[in-house]
Amino acid sequence: MSLIIGLSHTTVMIFFFSTLRRAECFTTSSKFKSSLQHRNNFLLASSPSAVDEEKSRPTPPIPFRDENAFVLAGELPDEADQDDASPPPIRQSKLSKNPLLSPPRRLPNPYGWMRDDSRTNTTVLNHLREENEYTRQMTQHLDGLTEELYEEFLAAIEETDYTTPAAYAGYWYYSRFVEGLSYPIYCRAPRKEGDLYHPPINEGWNEKCDNPFDMQPLLKGEEVYLHLPEMASTKTYLASGAITISPDDKHVAYSLDEVGGETCQLYIKHIESGKERVLYDGDELLEGDGSIAWDNEGKAIFFCTLDATHRPYRLYRRQVFDNEGNYIEDKIQHDELIFEEEDGSFSLRIMKTFDRRHLVLTCSAKESTELHYIDLERSKDIEESVAEQLVCISKRLDKLCYRATSCAGYWLIHTNNMGDTPNLSLKACRVGEEKDPSSWLDVVNTENETPEVMFTGGDGRSLDGVTIFSPPDENNDAPLAYGVVSGREEGIPRIWILEFAEEEINDATMSLKASPLHVTKSCRLEFDESAYDCGIGGNRDNTLPHVVVSYDSLVTPPSHIAIPLSNPEDFEARRVLKEKQVEGYDKELFGCERFTVKSRDGETELPVSMVFQRDSLKKNNGNIPVHLYGYGSYGASIEASFRSTRLPLLKRGVVYVLAHVRGGGENGRPWYEEQGKYLGKKNTFNDFVDIARWLTDESELGASDDIGRGITNPSKLSCEGRSAGGLLIGASINQAPDLFRAALLGVPFVDLMCTMVDSTIPLTCIEWQEWGNPNEEEYHDYMMSYCPMQNVQEGKTYPSCLITGGLHDPRVAYWEPAKFAATLRHKSTSPGPILLKTDLDAGHFAASDRYKYLKEQAFEFAYLLEQLGVV
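Throughout what follows, the structure given in this document is the object of discussion. Computed from a predicted model, the values in this text were never measured in an experiment.

**Overview of the pattern of salt bridges**
Okay, step 1: In total, this model carries 44 salt bridges according to the counting rule given.
Okay, step 2: Between Arg65 and Glu67 there is a salt bridge, with its nearest N and O atoms 2.6 Å apart.
Okay, step 3: The exposure class of Glu67 is exposed, given its relative accessible area of 53%.
Okay, step 4: A salt bridge links Glu370 to Arg396; the shortest N-O distance between them is 3.0 Å.

Okay, here's the thing in structure tokens:
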């Protein structure tokens, strides 16, 4: 997925005029020297150590501001060649035909000194600590409310809990959570042959043993194969990447990020003995993007490594066990390079197909993909190197995006047809007969008298993915395979169950040639509620006769439901495997609405979801506190799903609103590709502001049934977004600073211009196909017009802001929120504080410790409730 949620960046390049050395300030003043050690001489004016008795509020830190500092956008001057051993930075992609800005333009960067790639500079770290201390002083009166919210969060979750056991081979796999422990425990228990559903949960499963890390078994014969709480006991941060069991069930290969920078170390553990081995690259620890896959003999692993810009670019195979099953010593382990991606706009990822027959390597840019695969069954029996066995499904072509799923000897291909269809269509070709898109044939549905293409890629129905099941055919009457399709229709997530057969189809009514692999029966799953979130749940075994789906809504807690593949329409045949229990929650006390608001263009209908405690809306006097959340990038959808952490807001009378703005995927790929990126990106911010104006009755545009109109006013409206959603909030409060009382900006991507001009910043080249390249004439002015950092309005009154960052964040570097907080304070005024809080032990996704994460959420909500006047 471009699923990612958020932008992938870590460092910013700043130029010094005389030498253009990387990571240095570009300034015309000789007063300041550029090297990092000389930044220590910059004086920071900070809050006084003691607050004057006559003053009621502390003074925020006032960081040094260099009005002469800037970065260059466009063509670099000849001085760039004077840079030491490093090659000159790339200014645009190889495929771009757009002219660069010439001469280059200066981008103001007065706080550029805050950048420290090493995260060790004492001046910078001290400034972040001073900001954290100022935030603490300004919010310490909220400590009681924060603790109260935190306790409500804990009450709404089951601290001791487990995930739905999933069948695979001879085991049931699940994770356990224990009260007081911050991380999951990965477990499995024996599965009897033929069992389709897990056995009854043991009584007393939630009782602790003498060892505080241990619990009574959930299922009989339980064994722990990865105990993250024990591993994290001496660490401030721990996040797991891939966790995968070897084909012989004896070993687990896994990856861990111990900093938050999303660079992982790789491990292999013998489950029975507990013996753990860390993998090395020479004398150094082996580091990668976190992906791991076993070969089908359980002798070797595949993994990807990162380049200097944090881009997964090389795929390796390493044999770790010999033919007798003995572990090969580190010094004699050998890596075979399978593939190297040289184009900086493409990155790699690997995964096994659901039937585990193939390893699929995806080389992906934002607007082009190229898939390769290795037949893991064939590779055991031939003498070719594994690299020589790599087969390409279709070479990369401009604007061609596709994915592939194996199905009974075919590849099911979801493709955008080189941009010819607004959404993805479904096609097929035989495995081994891949050539190019001309060999891909339509998958048609023959259950009606006139065959029709199942997924055409048209506007009405979007396709996200297909999961293939092939249960045993005991009565010789089952279809060739079942396909479980996830996608969207009518603006909400959908799941279809398809039955496949194979025969040549020659029908005069078909305008396109159809694949022999076709659909004989289809069913779209229906649920009781009209708006909801659903998806493919924890499925590991492709031979089961049912699929497990997850289901929830804004007012319905999550559940996992087993749906029979042969009879998906029968509600009675569905089996609820697990429902989330929320203590004290009464669904009848809460309501939700989904409506649309017209955008300022007078034509586009903007979907909006709203959840509330019913009593709150009964008191509607235009003064209801409302919290508006948005994202709107990468085609990612903000679903109408249940969040127990919202309940403390709802119970205090706050109405929670989700703005499904353009740039997301709620209305299919055109909502993103055509209307919410590149030179259409400002639609995202305009949509958000238009919805906010509707809620405050400042809009002259219409909506469906006038739902939500005028329920609040600017003094009672707050907003929130994270990562690229932080860019949304930054641009929105610049556009309409008087429309909001408070804003939460989590790890916000707000320094768009200074970041996107620099190809040495991790993954910037990839992101040029998302936002545009500000080095180019075509995009520079447009991107400049909405960049939050460059458009803070001088002297305007802004909402109170709480801005968060993570020191080790590789996607949005910590200096972006730090620079934005300083810029807001310098240029604007605010009735409330502008606060910056940087987690010095975390990255982009905040705390890995679930309790610390909830405490941070409670702190943010306490701040929000005070700003809205609720407390």
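**Side note on the packing of helix α8 (residues 682-695) against helix α9 (residues 724-735)**
Okay, step 1: Where α8 meets α9, the closest approach of the two axes is 9 Å, and the angle between their N-to-C directions is 65 degrees. Crossing hand, α8 versus α9: right-handed. Residues Thr684, Phe685, Asn686, Phe688 and Val689 of α8 form the contact with α9, whose own contacting residues are Leu727, Leu728, Ile729, Ala731, Ser732 and Gln735.
Okay, step 2: Residue composition of the contact of α8 with α9, by class: seven nonpolar, four polar and no charged.

**Some thoughts on unusual backbone geometry**
Okay, step 1: Residue Pro103 follows Ser102 across a cis peptide bond; omega there is 5 degrees.
Okay, step 2: Phi is positive for Glu262, close to 65 degrees, though the residue is something other than glycine.
Okay, step 3: With respect to the helices and strands, the residue Glu262 is situated in the loop between β9 (251-257) and β10 (264-270).
Okay, step 4: A positive phi angle is found at Ala846, which is not glycine, with a value near 65 degrees.

**Here we look at the nonpolar core**
Okay, step 1: In this structure, Leu628, Phe688, Phe740, Leu752, Trp771 and Ile803 are the most contacted members of the largest nonpolar core, which totals 114 residues.
Okay, step 2: Those residues in contact with Phe740 that sit more than four places away from it in its chain are Leu628, Phe688, Ala692, Pro714, Leu717, Ser718, Cys719, Ser732, Ile733 and Pro799.
Okay, step 3: Leu426, Leu463, Val466 and Ala481 belong to the second largest nonpolar core, which has 19 residues in total.

Basis of the calculations
- Residues numbered from 1 in each chain as written.
- Predicted model: local features only at pLDDT ≥ 70, side-chain atom pairs only at ≥ 80, totals over all residues.
- Heavy atoms only, no water.
- Salt bridge = Lys/Arg side-chain N within 4 Å of Asp/Glu carboxyl O.
- Buried < 20%, exposed > 50% of the residue type's maximum accessible area, 1.4 Å probe, protein only.
- Axes fitted to C-alpha atoms, helices over the stretch in contact; angles between N-to-C directions.
- Helix = DSSP H or I, 4+ residues; strand = E, 2+ residues; numbered from the N terminus.
- Left-handed = near helix turned anticlockwise from the far one by under 90°.
- Contact = heavy atoms within 4.5 Å.
- Nonpolar A, V, L, I, M, F, W, Y, C, P; charged D, E, K, R; others polar.
- Core = buried A, V, L, I, M, F, W, Y, C linked by side-chain atoms within 4.5 Å.

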